[in-house]
Amino acid sequence: MNLLEINHMQKSFGNLEVLKDISLTVKEGEVVSIIGPSGSGKSTLLRCATMLEQMDGGDLIYLGKHAAKDVEQKSVYAKKEELKQIQKYFGLVFQNFNLFPHFSVIKNVTDALITVEKMPKKQAVERGKKLLGQLGLLEKANAYPYQLSGGQQQRVSIARALALQPKILFFDEPTSALDPELTGEVLKVIKQLAKEKMTMIIVTHEMQFAKELSDRIIFMEDGVIQAQGTPEEIFASKNERVQNFIGKF
Amino acid sequence: MSFATMLLQLGKGMLVTAEIFVLTLLFSLPLGLVLAFGRMAKNGFLRGVTKIYISIMRGTPLMLQLFVVYFAPYYVFKIPISSSYRIVAVIIGFVLNYAAYFAEIYRAGIESIPVGQYEAAKMLGYSKASTFFRIILPQVIKRILPPVTNEVITLVKDTSLAFVLSVTEMFTIAKQIAAAEKSMMAFVAAGVFYYIFNLLVALIMEKIEKKLSYYK
């Protein structure tokens, strides 16, 4: 079954049509990278898929359940309760982490489990510590976000998303706010997740990384998917625009 | 009148001053939050009404507002005013006025929290209420402590306005003693009382600020 299915997604801001007609499916265990120039609509696609923005037209389907259904070219969203269920299927790692500054690292990772999922605290902390251990952050459990490097903060935010055990994890340019030295430690974590067959959709500017890791690369420009395929196909693409873009890296 | 008697009387007035102070904070701090929500509401009517309310409260003298609250029941509704209503009117007047100032401080604080905090909370499944009370408000409180401290210190001094409704708080008593004794002493003593009160307020607020400095 497709974990995610997007049909004819359309989104405008005022007169500006940012997403024109995006269709895309993601299967379990797949790692999909989305690349493309700034302003191509990558981030908007991610924000619509994660329901941070409402799309104007098209379907948004998670595990066969409609979050939004196209009715006469207008997206009609499901009821609040249903959306809440669907929301649990995915997590999002932000470009600038968005950790909660007043919570310690372990609380950042466990608070949603305790407050939202009503998991007993002891169990939540156990799960949180296990995750932090896997991401090499166990000794930082009681630190506060401001005491961590950017790379460590991003790993905490990955742990925070993983704690809720989503089926799909979205990444919105996860290394763009990091200096090159710190980028590696975050990419390593994402690679590890790929090995563990975590389904991921990653908006990224790291071409080499996308090439190594992805099952599929999607190239976006001007609000449409210009090309998609395996990394080999994309990097050998005859499409002029794709070549142009990749050539710059 | 001996110095000790004077201090004792001023001390009694101080209790009334403290009562006005505590009750005003107790009601105006939460009411300010409600007003701040109104001021930021999606509903344009609600937003307009709160905006006008805040504008009037900040744009007219507190003394005048106290008179309005005190005399309105009689002039508007012909309800006889009992003398016990005086202190009540003072507190209502102060609460309505200070809530307006607190509302603007809350609003500034709430609007200064990055939208990413809301988005992260949404992604993790927090409800709107728990997003606000667990994620946003604690950060807002840390940010607005300095301007709130300013208001609280002003409030200590503003309590002296209660004398216009003949509530016998400290300043009223100081004035009576000064007139009867033909001496400045009572005013000086009252000044010292106010100063110490505010020193305590500043100390307490500093403690709270320190307590919240565990994160940036």
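Preceding this paragraph is the structure being described.
Residues numbered from 1 in each chain as written. Chains lettered and ligands numbered in written order. Predicted model: local features only at pLDDT ≥ 70, side-chain atom pairs only at ≥ 80, totals over all residues. Heavy atoms only, no water.

**Student:** Lay out the overall build of chain A in plain terms, naming residues and giving numbers.
**Tutor:** Helix and strand content of chain A: nine helices and 11 strands. Here the C-alpha atoms of chain A give a radius of gyration of 18 Å, agreeing with the 18 Å that 2.2 N^0.38 yields for 249 residues. For chain A, the spread of C-alpha atoms along the three principal axes comes to 50 × 45 × 35 Å. Classification of the 249 residues of chain A by burial places 56% in the buried group. (Helix = DSSP H or I, 4+ residues; strand = E, 2+ residues; numbered from the N terminus. Rg over C-alpha atoms; globule rule 2.2 N^0.38 Å. Buried < 20%, exposed > 50% of the residue type's maximum accessible area, 1.4 Å probe, protein only.)

**Student:** Could you give an account of the sheet that holds strand 1 (residues 2–13) of chain A, naming the residues involved and the relevant values?
**Tutor:** Across a sheet, strands are paired by hydrogen bonds formed along the backbone, either parallel or antiparallel in direction. All names here are of chain A. In spatial order, the strands read 2-1-4-5-6; together these five strands make up an open sheet with antiparallel pairing. Only two strands of the sheet have a single partner each, and these edge strands are strand 2 (16–27) and strand 6 (74–77). Looking at each pair of strands side by side, their axes are set apart by 20° on average, direction ignored. Across eight bridges, strand 1 lies against strand 2 in antiparallel orientation. Paired with leucine 4 across the bridge in strand 2 is valine 26. Sheet strands in contact with helix 1 (residues 42–49) are strand 1, strand 2 and strand 4 (57–62), and its direction is about 120° off that of strand 1. Running over the sheet, helix 2 (residues 80–87) touches strand 4, strand 5 (65–71) and strand 6 and is turned about 125° from strand 5. (Pairing = 2+ DSSP bridges. Axes fitted to C-alpha atoms, helices over the stretch in contact; angles between N-to-C directions. Contact = heavy atoms within 4.5 Å.)

**Student:** I'd love a proper account of a positive patch on the surface, names of residues and values included.
**Tutor:** Together, Lys80(A), Lys84(A), Lys42(B), Lys122(B) and Lys128(B) make up a positively charged patch on the protein surface. With respect to the helices and strands, Lys128(B) occurs in helix 6 (residues 128–158). (Patch = residues over 30% accessible without salt bridge, like charges linked within 9 Å, V, L, I, M, F, W, Y side chains within 5 Å. Areas by Shrake-Rupley, 256 points an atom, 1.4 Å probe, with all protein chains shown as cover. Salt bridge = Lys/Arg side-chain N within 4 Å of Asp/Glu carboxyl O. Lys, Arg positive; Asp, Glu negative; His and termini not counted. Charge placed at Lys NZ, Arg CZ, Asp CG, Glu CD.)

**Student:** Could you give an account of the side chain of Thr199(A), naming the residues involved and the relevant values?
**Tutor:** All names here are of chain A. Tracing the backbone through its elements, the reader meets threonine 199 in strand 9 (residues 199–203). A polar side-chain atom of threonine 199 sits 2.8 Å from the main-chain amide nitrogen of glycine 29. When near neighbours in sequence (up to four residues on either side) are disregarded, threonine 199 contacts Leu3, Val26, Lys27, Glu28, Gly29, Glu30, Lys167, Ile168 and Leu169. (Polar contact = N/O pair within 3.5 Å; in protein donor to acceptor, adjacent residues only side chain to side chain.)

**Student:** Run through the layout of surface pockets, naming residues and quoting values.
**Tutor:** Considering only enclosed or pocket space, the largest pocket measures out at about 1500 Å³ in volume. Those elements that provide at least two residues to the lining of the largest pocket are helix 2 and strand 7 (90–93) of chain A together with helix 4 (85–111), helix 5 (115–123) and helix 6 of chain B. Considering every element that reaches the lining of the largest pocket, the biggest residue donor is helix 6 of chain B, with seven residues. In terms of residue class, the lining of the largest pocket is made up of 21 nonpolar, nine polar and 11 charged. (1 Å grid on protein atoms, 1.4 Å probe; cavity = no way out; pocket = protein on both sides within 12 Å on 5 of 7 lines; lining within 4 Å. Points joined across faces, edges and corners; volume = space filled by probe spheres on them. Nonpolar A, V, L, I, M, F, W, Y, C, P; charged D, E, K, R; others polar.)

**Student:** Describe helix 2 (residues 44–59) of chain B, with residues and values.
**Tutor:** Residues and elements named next belong to chain B. The terminal C-alpha atoms of helix 2 lie 22 Å apart, and with 16 residues this matches the ideal 22 Å at 1.5 Å per residue to within 8%. Of the residues making up helix 2, those classed as buried are Thr50, Ile54 and Met57. The buried residues of helix 2 occupy one face: seen down the axis, they fall within an arc of 65°. In this structure, helix 2 carries Phe45, Ile52 and Gly59 as exposed residues pointing more than 90 degrees from its buried face. In this fold, the buried residues of helix 2 make contact with helix 1 (3–39), helix 3 (62–77) and helix 4. The N-capping residue of helix 2, defined by a side-chain oxygen 2.8 Å from the backbone nitrogen of phenylalanine 45, is asparagine 43. (Expected span 1.5 Å × (residues − 1). Arc of directions from axis to C-beta.)

**Student:** Describe the environment of His205(A), with residues and values.
**Tutor:** All names here are of chain A. As for its placement among the helices and strands, histidine 205 is situated in the loop between strand 9 and helix 7 (207–213). Relative accessible area serves as the criterion here: at 27%, histidine 205 is assigned to the partly exposed category. As for histidine 205 and glycine 36, which are separated by 169 residues in sequence, their C-alpha atoms are 7.8 Å apart.

**Student:** Residue-level account of empty space enclosed by the protein, with values.
**Tutor:** In total, this model carries one cavity of 30 Å³ or more according to the counting rule given. Its volume calculated, the largest cavity comes out at about 40 Å³. Residue lining of the largest cavity: Gly91(A), Leu92(A), Phe94(A), Arg160(A), Ala161(A), Ala120(B), Met123(B) and Leu124(B), and that is the complete set. Contributing elements (two or more residues each) for the lining of the largest cavity: strand 7 and helix 5 (150–163) of chain A together with helix 5 of chain B. Across the lining of the largest cavity, the residue classes break down as six nonpolar, one polar and one charged.

**Student:** Tell me what's going on with the interface of chain B and chain A, and back it up with residues and numbers.
**Tutor:** Taken together, the contacts link 18 residues of chain B with 23 residues of chain A. Taken together, the two surfaces of chain B and chain A that pack against each other cover about 2100 Å², and 63% of this comes from carbon and sulfur. Of all residues in chain B, the largest losses of buried area upon contact with chain A belong to Met123(B), Leu124(B) and Arg134(B), amounting jointly to 33% of the total for that side. One can count two salt bridges joining chain B with chain A. Connecting chain B to chain A are 10 residue pairs in polar contact (both at pLDDT 80 or more). The set of elements that each furnish at least two residues to the side of chain B that touches chain A consists of helix 5 and helix 6 of chain B. (Buried area = accessible area lost by both parts, 1.4 Å probe.)

**Student:** Would you mind going over the packing of aromatic side chains in detail, with residue names and values included?
**Tutor:** Residue and element names in this part refer to chain B. Summed over the entire model, instances satisfying the criterion amount to 20 aromatic pairs over all chains. Summarising the aromatic geometry, the rings of phenylalanine 21 and phenylalanine 197 are spaced 4.9 Å apart at their centres and angled 65° between planes, so their arrangement reads as edge-to-face. Of this pair, phenylalanine 21 sits in helix 1 while phenylalanine 197 sits in helix 8 (residues 185–211), placing them 176 residues apart in sequence. Taken individually, phenylalanine 21 and phenylalanine 197 each receive the classification buried, so the pair is uniform in this respect. (Phe/Tyr/Trp six-rings, centres within 6.5 Å; stacked < 30°, edge-to-face > 60°.)

**Student:** Could you give me a rundown of the side chain of Thr159(B), with the residues and numbers involved?
**Tutor:** Residues and elements named next belong to chain B. Assignment of secondary structure puts threonine 159 in the loop between helix 6 and helix 7 (170–181). Overall, threonine 159 belongs to the buried group, its relative accessible area being 0%. Not counting residues up to four positions away in its chain, the partners in contact with threonine 159 are Thr17, Ile20, Phe21, Phe94, Glu169 and Tyr194.

**Student:** Got a sec to walk through the pairing of strand 7 of chain A? Specific residues and values, please.
**Tutor:** All names here are of chain A. Residue alternation in strand 7 divides its side chains into two sets, Phe90 and Leu92 and Gly91 and Val93, and both sets are buried. Sheet analysis places strand 7 next to strand 8 (residues 168–172), joined by four bridges and oriented parallel. Bridge pairing links leucine 92 to phenylalanine 170 in strand 8.

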